[in-house]
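What follows is each chain in one-letter form.
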Amino acid sequence: MAQETAPPLEEAPPSPDADRRAIRGALGVGIAVGLSGFAFGVTAAGSGISLTQTCLLSLLVFTGSSQFALVGALAAGGNPFTAAAGAFFLGVRNCFYGLRLAPLLRLPARVRPLAAQWVIDETTAVTISQPTRRTARIGFVVTGLTLYVLWNLTTLLGALGASALGDPAAWGLDAAGPASFLALLAPMLRTGTERAVAGLAVLLGLGFLPVLPAGVPVLVAALAAPAVLYAQGRRTGRKEVRR
Amino acid sequence: MNAWIAIALTVAGCYGVKLLGLSVPAGVLERPVVRRLATLLPVALLAALTAQQTFASRQDLVLDARAAGLAAAAVALVLRAPFLVVIAVAVVVTAALRAVTG
């Protein structure tokens, strides 16, 4: 519960030791996740978009789940607006990461437009785990830079490699997209609420697939989130009334 | 052309929300229900996308080698395998099953 309100960061004197620890942690995350751009490059190439489009997505969108969702929706023949809507909703969480990071990093206004591109799951996880503002900034920059460079490099390599391979399905590469979604999803399934949302979303997403236009069932499935929250709110509301 | 429209919208939308988060004064979007929704939306979307890309062929529901690949990926996740290993397991199992069953 103490975690809910971020403790004020002490302006401790810089320590080379703390700096090194922050850099090491940031590099570990940046390199491990940066390499998975390869999976995106392969998936994107298999979905029929061009090499330029694939690389532009990694350079300019730079948030993995939105990128995978977009190319998946385009491959399924969805219309561009529903495809972009699905990708956008997945990206909305980065807004809340930004809210958490802003007071930790205290960035000058002129750096914000650049720093914003790096506000994603991994940079947030590294930054909020740092003890001081100095190491938070180091963690953010090192994670962001490593991930950005590697993610874009491996996207290019993956896309080039995939087109050299020919039919992606013959190599099982059509399983790369859903497997990466599952890997992104797994750590989020912490409590019963998350699992209920995921279960309901699967039912809605598959149930409406044969009857609604491509891309729309995913948006319907997104309603699982407010639906479960609402059901929970009613339950706790009733409990309070009884008291 | 369709792909370009989708890409442009996604680029603008995803960058816009990132910049918004860093720029708005603290407290404006910090209502608990908004925050809960923001953490649950990706759960719903990722779950639906995983299911669809495993069991859908265009508009039809199918059961093919991908399901085995995803089951193997799930096992890898339970064993705490790193991200790339999880993907590799799914790809290899899917390809192997297709090779065996033709």
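Owing to the predicted nature of the structure, the values given are computational and were not obtained by experimental measurement.

## Observations concerning the interface of chain B and chain A
Counting residues at the interface gives 63 residues for chain B, matched by 90 residues for chain A. Summed over both partners, the interface of chain B with chain A comes to about 6600 Å²; 78% of that surface belongs to carbon and sulfur atoms. The shortest N-O distance in the salt bridge between Arg98(B) and Asp174(A) comes to 2.9 Å. Across the chain B-chain A interface, the total number found is seven residue pairs in polar contact (both at pLDDT 80 or more). Residue assignment for the side of chain B that touches chain A shows that the elements contributing at least two residues are helix H1 (2–23), helix H2 (32–55), strand S2 (60–61), helix H3 (65–78) and helix H4 (83–101) of chain B. In terms of residue count, H2(B) provides more of the side of chain B that touches chain A than any other element does, 22 residues in total. Across the side of chain B that touches chain A, the residue classes tally to 44 nonpolar, 11 polar and eight charged.

## Some details on the domain arrangement of chain B
Domain parsing of chain B yields domain 1 (1–25) and domain 2 (31–101). Averaged C-alpha coordinates put domain 1 of chain B and domain 2 of chain B at centres separated by 25 Å.

## A short note on the nonpolar core
Within the largest apolar cluster, 75 residues are counted, with the highest numbers of intra-cluster contacts made by Leu57(A), Leu70(A) and Val197(A). Among the elements that make up this core, the one with the highest residue count is H2(B) (nine residues). Listed in part, the seven residues of the second largest apolar core include Cys95(A), Phe96(A), Val17(B) and Val24(B).

## What about the UniProt feature "transmembrane region" (unreviewed entry) in chain B?
Residue and element names in this part refer to chain B. What UniProt calls "transmembrane region" (unreviewed entry) maps, in this numbering, to residues 40–56 and 68–97. The span residues 40–56 shows a helical share of 94% and a strand share of 6%, and its end C-alpha atoms are spaced 24 Å apart. The span residues 68–97 is 87% helical and 0% strand by assignment, and the distance between its end C-alpha atoms comes to 8 Å.

Definitions and cut-offs
Residues numbered from 1 in each chain as written. Chains lettered and ligands numbered in written order. Predicted model: local features only at pLDDT ≥ 70, side-chain atom pairs only at ≥ 80, totals over all residues. Heavy atoms only, no water. Contact = heavy atoms within 4.5 Å. Buried area = accessible area lost by both parts, 1.4 Å probe. Salt bridge = Lys/Arg side-chain N within 4 Å of Asp/Glu carboxyl O. Polar contact = N/O pair within 3.5 Å; in protein donor to acceptor, adjacent residues only side chain to side chain. Helix = DSSP H or I, 4+ residues; strand = E, 2+ residues; numbered from the N terminus. Nonpolar A, V, L, I, M, F, W, Y, C, P; charged D, E, K, R; others polar. Domains from an automatic or database assignment. Core = buried A, V, L, I, M, F, W, Y, C linked by side-chain atoms within 4.5 Å. Buried < 20%, exposed > 50% of the residue type's maximum accessible area, 1.4 Å probe, protein only. UniProt positions renumbered as here; feature names shortened; annotations may be inferred.

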